[in-house]
Amino acid sequence: MEATDRASHGAHETTKAALTATDGAAEGTGAGDQFDFIVVSNRLPVDRCSADETGCEDGWRRSPGGLVTALAPMMTKTDGAWVGWHGAPDETVKPFSHGGIDLVPVQLSTEDIELFYEGFSNATLWPLYHDVIAPPEFHRAWWDSYRKVNRRFADATIRHAAEGATVWVQDYQLQLVPKMLREARPDLKIGFFNHIPFPPPEIFAQLPWRRAIIDGLLGADLVGFQRSSDAGNFMRSARRFLGASVKQQQVHVRGADGEPTHIARAQAFPISIDVKQISELAKKPEVIERAQQIRRDLGNPKTILLGVDRLDYTKGIRHRLKAYEELLQDGKVTVEDATLIQVASPSRERVEQYRLLREEVEGTVGHINGTFDTMESTAVRYLHHSYPIEEMVALYLAADVMLVTALRDGMNLVAKEYVTARTNNDGALVLSEFAGAADQLKQALLMNPHDIDGLKDTIMRAVNIQPAEASRRMRAMRKQILDHDVDLWSSDFLAALAEKVIRDDS
Ligand code: F6P
């Protein structure tokens, strides 16, 4: 880790020895380093691994995902660091460097995971922000834990932020951090990006701590959202619950003493994917061969339909299975002609709603297969696993039709990955209008997943699409994504954050 030597900020002047003590057992690992650019997210972009696994270095492997790819160059160019949880409950890990990125681990206890992560983040905020598809639970002990853990992330960031540093906080688990940073360190440039939807005020109103959340977010100079409707929802809530005067998606924020502190702006920055990585994989002979093998293993059906999701109730997996089952019942497709591959990667398995969903999905898959399978052919090939990106791209290449039937989704990067992998401009994307990706992929076969008849019709349109129409749609979608990859997303956000905002007090 590169040590830095900068002037500390007034009241936060700290010595390396003091920082080392606060950070736990860290010794000579850069615990006292300060950085010009800090990303803060619930999880660090690394996972634990064992030495024999590929990509494993000193017990850590970079976790897959566009965010880290997009930010890694920025990290090295600007002397950056990443603050987040390292994934091991109750374990204190010293700051360390991995793959050229400086990492500052934040500890979470088993109780924090239960109350802050599984509780407030994923059983209160997650369902509330996703159109209350599952009923959110409101518990004061969860909220207390959310505040306490947000404070811990803010404190770690404050210790490691150099004078005037840029801090970019990620996602709904850390919505109180911007204000905590602002109060302690008015010298910082603070950005926040919400990866999931922001609900309309009529739904957000249910949250007993709605004012504190809005206030927390308004600590940022720039609050980024996936869709402009999310930014609009946020500003409407700021107006309704804090009485903020909003002009052109801006709020003039005042401190506890009533003095103006900064202008908070809200804006859409639709996230994207690592286009280069997916495009290159899609052209690799071994990936192409693997795609052909997947088709052969399934008995070379005429059509392979594919669903790839975290096993989450927001993804509309039940709706997709229902539509497919009815198509089999109606004789519109047969198991000899068509197979649905459903990859459902394990997620948040200790949260009740996720346990229930798994039982329901697996029961339905068993029922469909029991009814329609033959000795040679299967209706649904269900895989409750996560796969490396190479295997995912092979699946994208093997699939004629991609089904993204989310009931609500911030963006849905699987849709963008599928389109990017279709370098021959073939294949069809069935896409829910409730996924953020629908704002950019307008040439997808868009549908409302609640409308099962409409979903069935759209699936049949995709199955029977003419090559010329498929190619026209795919070309247009590919152009959109190729022109807007995740690097552009992060550079656009950071450029907007760096912009000087003109005060308009009129
Ligand atoms: O979409 C929000 C998000 O937090 C992503 O950042 C993450 O990949 C996914 O949900 C799963 O999150 P986790 O396993 O950390 O709960």
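About the criteria used
- Residues numbered from 1 in each chain as written.
- Predicted model: local features only at pLDDT ≥ 70, side-chain atom pairs only at ≥ 80, totals over all residues.
- Heavy atoms only, no water.
- Core = buried A, V, L, I, M, F, W, Y, C linked by side-chain atoms within 4.5 Å.
- Buried < 20%, exposed > 50% of the residue type's maximum accessible area, 1.4 Å probe, protein only.
- Helix = DSSP H or I, 4+ residues; strand = E, 2+ residues; numbered from the N terminus.
- Domains from an automatic or database assignment.
- Contact = heavy atoms within 4.5 Å.
- Near = heavy atom within 4 Å.
- Polar contact = N/O pair within 3.5 Å; in protein donor to acceptor, adjacent residues only side chain to side chain.
- Areas by Shrake-Rupley, 256 points an atom, 1.4 Å probe, with all protein chains shown as cover.
- Buried area = accessible area lost by both parts, 1.4 Å probe.
- Salt bridge = Lys/Arg side-chain N within 4 Å of Asp/Glu carboxyl O.
- Nonpolar A, V, L, I, M, F, W, Y, C, P; charged D, E, K, R; others polar.
- Disulfide = S-S within 2.5 Å.

## Comments concerning the nonpolar core
Proteins that are soluble and globular tend to have nonpolar side chains buried together.
Okay, so step 1: Counting residues in each nonpolar core, the largest one holds 103 residues, and the members touching the most others are F153 and F234.
Okay, so step 2: Ranked by residues supplied to this core, first place goes to helix α3 (residues 110-129) with 10 residues.
Okay, so step 3: In terms of domain composition, this core takes at least three residues from each of domain 1 (9-106 + 155-193 + 211-272 + 489-498) and domain 2 (275-484).
Okay, so step 4: What F153 contacts, discounting residues up to four positions off in sequence, is V40, S41, N42, V83, G84, W85, V106, L108, L174 and V177.
Okay, so step 5: With 68 residues, the next largest nonpolar core counts V93, L298, I304 and F493 among its residues.

## Observations concerning the site of the ligand
Okay, so step 1: Taken together, the residues surrounding the ligand are R43, Y117, N122, W126, D171, Y172, Q173, I196, R310 and R348.
Okay, so step 2: Side-chain polar atom of R348 to an oxygen atom of the ligand: 2.8 Å apart, as the coordinates give it.
Okay, so step 3: Protein burial of the ligand: of its 390 Å² of free accessible surface, 65% is covered by the chains.
Okay, so step 4: Broken down by element, the shell around the ligand gets its largest block of residues, three residues, from α3.

## Description of the environment of L413
Okay, so step 1: Residue position: L413 is located in helix α14 (residues 413-421).
Okay, so step 2: By relative accessible area, which is 30% here, L413 ends up partly exposed.
Okay, so step 3: Sequence-wise, L413 and G316 are 97 residues apart; in three dimensions their C-alpha atoms are separated by 15 Å.
Okay, so step 4: Filtering out sequence-adjacent residues up to four positions away, L413 remains in contact with I271, S272 and I273.

## Some words on the environment of G410
Okay, so step 1: Looking at where G410 falls in the secondary structure, it is placed in the loop between β16 (401-404) and α14.
Okay, so step 2: C-alpha separation for the pair G410 and L71, spaced 339 residues apart in sequence, amounts to 20 Å.

## What about the domain arrangement of the protein chain?
Okay, so step 1: Per the domain assignment, the segments making up the protein chain are domain 1 (9-106 + 155-193 + 211-272 + 489-498) and domain 2 (275-484).
Okay, so step 2: Here domain 1 and domain 2 have C-alpha centroids that lie 33 Å from each other.
Okay, so step 3: Contacts between the two partners involve six residues from domain 1 and, on the opposite side, 15 residues from domain 2.
Okay, so step 4: Overall, the association of domain 1 and domain 2 removes approximately 760 Å² of surface from exposure, summing both partners, and the carbon and sulfur fraction of that is 42%.
Okay, so step 5: If you look at where domain 1 meets domain 2, you find one salt bridge.
Okay, so step 6: As a salt-bridge pair, D439 and R227 come within 2.8 Å of each other at their nearest N and O atoms.
Okay, so step 7: Grouping the amino acids of the side of domain 1 that touches domain 2 by side-chain chemistry returns three nonpolar, two polar and one charged.

## Describing the state of the cysteines
Okay, so step 1: On inspection of all chains with the given rule, the structure shows one disulfide.
Okay, so step 2: At a sulfur-sulfur separation of 2.0 Å, the disulfide partner of C49 is C56. Looking down the S-S bond of the C49 and C56 bridge, the torsion is 90°, so its handedness is right-handed. Grouping residues by exposure puts C49 and C56 together as buried.

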